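In case you want the letters, here they are:
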Amino acid sequence: MTTATTLAGIRVRRAGERDIAMLAHHRIEMFRDMGQLTEHNERELTRASESFFRVAVDSGEYITWLALGGTPERIIAGAGLWLRSMLPRPAPTGVIEGREALIANVYTEPEWRRRGIAALLMRHVLDYTREHNIPRVLLHASDDGRPLYESMGFVSTNEMRLVASP
């Protein structure tokens, strides 16, 4: 069963090759909002992101839903899904294997925030994972995004990260 995936005045579509620059823009702005982007690495991150998206969107490894709104209509938000192979692992119901998905690049333009657009996009993303039997879905939450993800059933895990020095 699919959940409600519409919002008055907002249209959602899948991203394609023509949207590569916007996907990179969302990624840059997301890191800027979280205080993780400096001027000296913005250009390099933009180039690397565009390169990644060009290949991954074309291959179907990365799928993005874009929200469009306003007059004239423009892209106001996006949410991506990076599909990858998963090592088999134990679960309460047995062993899960196959693909897992990492939700990435959830971003809404500042003037469109707090209107339910990120939740709308997340419903599209999660519907896709259910429809394609993807048993494991991960994401990294910003402080601002955490309440939304928790309301959708996401929980904190035991993940740790090694931060290598430059």
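For the structure, see preceding data.
Described in the following lines is the structure provided in the data block. Nothing here was measured: the structure is a model prediction, and the numbers come from that model.

Quick notes on the rules
Residues numbered from 1 in each chain as written. Predicted model: local features only at pLDDT ≥ 70, side-chain atom pairs only at ≥ 80, totals over all residues. Heavy atoms only, no water. Helix = DSSP H or I, 4+ residues; strand = E, 2+ residues; numbered from the N terminus. Buried < 20%, exposed > 50% of the residue type's maximum accessible area, 1.4 Å probe, protein only. Axes fitted to C-alpha atoms, helices over the stretch in contact; angles between N-to-C directions. Parallel < 35°, antiparallel > 145°, perpendicular 65-115°, else oblique. Left-handed = near helix turned anticlockwise from the far one by under 90°. Contact = heavy atoms within 4.5 Å. Nonpolar A, V, L, I, M, F, W, Y, C, P; charged D, E, K, R; others polar.

## Some words on the environment of Ile 20
(1) Moving on: When you line up the elements, Ile 20 lands in helix H1 (residues 20-33).
(2) Moving on: On the basis of relative accessible area, Ile 20 is assigned to the buried category, the value being 6%.
(3) Moving on: In this structure, the C-alpha to C-alpha distance between Ile 20 and Ser 51, residues 31 residues apart in sequence, is 8.7 Å.

## Focus: the packing of H1 against helix H2 (residues 39-59)
(1) Moving on: Two elements in contact, H1 and H2, have axes whose closest approach is 9 Å; the angle formed by their N-to-C orientations is 135°. By the criterion of interaxial angle, the relationship of H1 to H2 is oblique. For the crossing formed where H1 meets H2, the hand is right-handed. Residue-level contacts link Ile 20, Ala 21, Leu 23, Ala 24, Arg 27, Ile 28, Phe 31 and Arg 32 of H1 to Glu 42, Leu 45, Thr 46, Ser 49, Glu 50, Phe 53, Arg 54 and Val 57 of H2.
(2) Moving on: Of the residues in the contact of H1 with H2, the class split is nine nonpolar, two polar and five charged.

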